[in-house]
Amino acid sequence: MFIRPALRRLRTQLVAVLLDQLAGAKTRPPVAGFLIWQAFTVLSAGRRYDGGFALPFTLGEVALFEVRHGARFGPDHLAILMAMDAAWLDHVRTPAKEEQPPLTVSVFDAAFA
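Note that this is a predicted model, so its numbers are computed, not measured. Numbering of residues starts from 1 in every chain and runs along the sequence as written. Restriction of local features to residues with pLDDT of at least 70 applies here, the model being predicted, together with a cutoff of 80 or more for giving and counting side-chain atom pairs; totals for whole chains, interfaces and linings are based on all residues. To get the side-chain values, take all heavy atoms of the structure and skip hydrogens and water.

K.L.:
What exactly am I supposed to notice about the environment of His91 here?
P.N.:
Mapped onto the elements of the fold, His91 is located in helix H4 (residues 75–93). Here His91 falls in the partly exposed class, since its relative accessible area comes to 36%. With 68 residues separating them along the chain, His91 and Ala23 place their C-alpha atoms 9.6 Å apart. Counting from the N terminus, the helices are DSSP H or I runs at least four residues long and the strands are E runs at least two residues long. Burial classes: relative accessible area under 20% of the type maximum marks a residue as buried, over 50% as exposed, and values in between as partly exposed (1.4 Å probe, protein chains only).

K.L.:
Hey, could you run me through the packing of helix H2 (residues 34–45) against H4 in this one?
P.N.:
Packed helices, taken two at a time, are described by the angle between their axes plus the distance between the axes. Working convention: axes come from line fits to C-alpha atoms, limited for helices to the stretch in contact. Angles between N-to-C directions cover 0 to 180 degrees. With their axes 10 Å apart at the nearest point, H2 and H4 run at an angle of 45° to one another. Considering their axes alone, H2 and H4 lie oblique with respect to each other. Handedness of the crossing formed by H2 with H4: right-handed. Facing H2, whose interface residues are Ile36, Trp37, Ala39, Phe40 and Leu43, H4 presents His77, Ile80, Leu81, Met84, Asp85 and Trp88. Each angle receives one of four descriptions, namely roughly parallel if under 35 degrees, roughly antiparallel if over 145, roughly perpendicular if within 65 to 115, and oblique otherwise. Rotating anticlockwise by less than a right angle from the far helix to the near helix defines a left-handed crossing, while the corresponding clockwise rotation defines a right-handed one. Two residues qualify as a contact provided that any one of their heavy atoms is within 4.5 Å of a heavy atom in the partner residue.

K.L.:
I tried to follow the nonpolar core on my own but got confused; where do I start?
P.N.:
Nonpolar side chains in soluble globular proteins tend to end up buried together. Only buried Ala, Val, Leu, Ile, Met, Phe, Trp, Tyr and Cys residues count toward a nonpolar core, and they belong to the same one when joined by side-chain atoms within 4.5 Å. Counting 25 residues, the largest nonpolar core has Leu14, Leu18, Ile36, Phe40, Ile80, Leu81 and Met84 as its most contacted members. Elements that contribute at least two residues to this core include exactly helix H1 (5–22), H2, helix H3 (59–69) and H4. Take this core: its biggest share by element is seven residues, from H4. When sequence neighbours within four positions are dropped, the list of residues in contact with Leu18 reads Trp37, Phe40, Met84, Ala87 and Trp88.

K.L.:
Explain the pattern of salt bridges to me, please; I cannot follow it from the model alone.
P.N.:
Side-chain pairs of opposite charge can arise where the charged atoms are in close proximity. Any Lys or Arg side-chain nitrogen found within 4 Å of a carboxyl oxygen on Asp or Glu counts as a salt bridge. Evaluation of the coordinates by the stated rule reveals four salt bridges. One salt bridge connects Arg47 with Asp85, and the closest N-O pair in it is separated by 2.8 Å. Taken together, the positions of Arg47 in the loop between H2 and strand E1 (49–50) and Asp85 in helix H4 put the pair 38 residues apart, joining distant regions of the chain. Arg47 sits in the buried class, given a relative accessible area of 7%. The class of Asp85 is buried, set by a relative accessible area of 2%. When the shortest N-O distance is used, the salt bridge between Glu66 and Arg72 registers 3.9 Å. The exposure class assigned to Arg72 is exposed, which follows from its relative accessible area of 70%.

K.L.:
Would you mind showing me how to read H2 here?
P.N.:
Residues three or four positions apart in an α-helix share a direction because the helix packs 3.6 residues into each turn. Between its first and last C-alpha atoms H2 spans 16 Å; for twelve residues at 1.5 Å apiece the expected length is 16 Å, and the two agree. Within H2, the full set of buried residues consists of Ile36, Trp37, Ala39, Phe40, Leu43 and Ser44. Projected onto a plane normal to the axis of H2, the buried residues spread over an arc of 160° and lie on a single side. With respect to the buried face of H2, the exposed residues turned more than 90 degrees away are Phe34 and Ala45. Residues of H2 that are buried make contact with H1, H3 and H4. In a helix, the anticipated span is given by 1.5 Å times the number of residues less one. Throughout, the arc means the angular range of directions from the helix axis out to the C-beta atoms.

K.L.:
Teacher, can you tell me more about the packing of H2 against H3 here?
P.N.:
Contact pair H2 / H3: the axes reach a minimum separation of 11 Å and the direction vectors enclose 115°. In the packing of H2 onto H3, the handedness of the crossing is right-handed. Counting all contacts with H2, which are made through Gln38, Ala39, Val42 and Leu43, the residues of H3 involved are Glu61, Val62, Phe65 and His69. Looking at side-chain class alone, the contact of H2 with H3 contains five nonpolar, two polar and one charged residues. All amino acids are sorted into three groups, where Ala, Val, Leu, Ile, Met, Phe, Trp, Tyr, Cys and Pro are nonpolar, Asp, Glu, Lys and Arg are charged, and the leftover types, Gly among them, are polar.

What follows is the structure in structure tokens.
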């Protein structure tokens, strides 16, 4: 899908801020992306789950947001919102790496004693 250069840059910035915040940073989204950020947070708060797994946003959910909030997303803005959703889903679906203590004789003995 073709996306204009300025909006491609905005997509990169919003996804980067989202990933930073998921990692615990206190970064802020750019002002130019405020409506998209607001839409993402509202849609995420009402996210549907199936079998314990988060589902991506549907176009119907985005359309309902537009109606409720008087917003109107163009194709480029919708692409940014969906890129943010994909990044969030990728983050939550990636298993956390647990720190494993090194396997020593005492750890082995404790596990099988």
